[in-house]
Amino acid sequence: MFNKLKILAAKSAIKYIKNHNIIGIGSGTTISNFIDLLYTEKKNIIGIVSASRSSTKKLQKYNFNIYQINKVKKIGIYFDSADEINHKMQMIKGGGAALTNEKIISSFSDLFICMIDESKYVKNLGILHPVPIEIIPLAEKFIIKQLSYLGAIVKKRINTITEHGNIILDVYNLNLCEPLKIEKYINNIPGVVTVGLFTQRCADIIIIGKHNNTVSIINKKI
Ligand code: 5RP
């Protein structure tokens, strides 16, 4: 049911692509739909910087040029989804464990377009989803202790090793009234690679697919 709304948002997002651009793309089911549309709409893109092996594999199947991030001067638009996003365009991401690459590529991009189904547009972050954190495995105990000072409840994600060889902790029960503070606090813990709070590199445009078959577009830059 939600996939229909993700496709709706992706169809609207694709219109932002100008020919001969280099774009960045994230990971997950919304992005998988987006890649299908890139192919069927025959967008003439120079190349794509991809945030995950699964996205890369699908893009290669469609013969898109994949660029390593270190080989490009700039990325025009980054397309991705989120687990949750609020009216300040702050997000929780990392449900698919690709948060580190997603944070790097989105931070390198001029514009971040976030495509979501309407269930993901929330008043307060962290009520429905935990905050994922990618960590160096040997720091696990230490980091869980540091997180306990925030009142957090931590679950190690099972059977998950990231593309960087690290593990994911899913962190519940955080007080996210001031998510920027929490992002900074967690970023500062030794052994943390990336926290899935995106409050410094927020989205610039949110495209929301809705049950009534329409899309809403929220543009921070207007
Ligand atoms: C992956 C992500 C995804 O954008 C997020 O989990 C949403 O995924 P989906 O499009 O499958 O709902 O952050 O790390």
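See the structure above.
Quantities reported herein were computed from a predicted structural model and do not represent experimental measurements. (Residues numbered from 1 in each chain as written. Predicted model: local features only at pLDDT ≥ 70, side-chain atom pairs only at ≥ 80, totals over all residues. Heavy atoms only, no water.)

## Points about the sheet that holds strand 9 (residues 167–172)
Across a sheet, strands are paired by hydrogen bonds formed along the backbone, either parallel or antiparallel in direction. Read across the sheet, 4 strands follow the order 8-9-7-10 without closing on themselves; strand pairing throughout is antiparallel. Each edge of the open sheet is held by one strand with a lone partner, namely strand 8 (153–156) and strand 10 (192–195). In this sheet, neighbouring strand axes are inclined to one another by 30 degrees on average, regardless of whether the strands run parallel or antiparallel. Pairing of strand 7 (residues 131–135) with strand 10 involves 3 bridges; the strand directions are antiparallel. Following the sheet pairing, Ile-135 is matched in strand 10 by Val-192. The strands that helix 5 (residues 140–148) touches are strand 7, strand 8, strand 9 and strand 10; relative to strand 9, the one it contacts most, it runs at about 15 degrees. (Pairing = 2+ DSSP bridges. Helix = DSSP H or I, 4+ residues; strand = E, 2+ residues; numbered from the N terminus. Axes fitted to C-alpha atoms, helices over the stretch in contact; angles between N-to-C directions. Contact = heavy atoms within 4.5 Å.)

## Topic: the pattern of salt bridges
By the definition in use, this model includes 10 salt bridges. The shortest N-O distance in the salt bridge between Lys-93 and Asp-80 comes to 2.8 Å. In this pair, Lys-93 sits in the loop between strand 5 (91–92) and helix 4 (99–107) while Asp-80 sits in strand 3 (residues 75–80), placing the two residues 13 residues apart along the sequence. For Lys-156, the salt bridge is made with Glu-140, and the minimal N-O distance between the two is 3.3 Å. On the criterion of sequence distance, the pair formed by Lys-156 in strand 8 and Glu-140 in helix 5 is long-range, its members being 16 residues apart. One salt-bridge network, held together by shared partners, links Asp-80, Lys-93 and Glu-102. (Salt bridge = Lys/Arg side-chain N within 4 Å of Asp/Glu carboxyl O.)

## A look at the nonpolar core
In terms of nonpolar packing, the biggest core is built from 24 residues, with Ile-25, Phe-34, Leu-38 and Phe-79 touching the most fellow members. Secondary-structure elements contributing two or more residues to this core are helix 1 (2–13), strand 1 (22–25), helix 2 (29–40), strand 3, strand 6 (109–117) and strand 12 (205–209). When residues in this core are grouped by element, the largest group, 5 residues, is from helix 2. Sequence-distant contacts of Phe-79, defined by excluding residues within four places in its chain, comprise Ala-13, Tyr-16, Ile-17, Ile-23, Gly-24, Ile-25, Gly-26, Ile-31, Phe-34, Ile-113 and Met-115. Core analysis: the second largest hydrophobic core is formed by 21 residues, Ile-133, Leu-147, Ile-182 and Leu-197 among them. (Core = buried A, V, L, I, M, F, W, Y, C linked by side-chain atoms within 4.5 Å. Buried < 20%, exposed > 50% of the residue type's maximum accessible area, 1.4 Å probe, protein only.)

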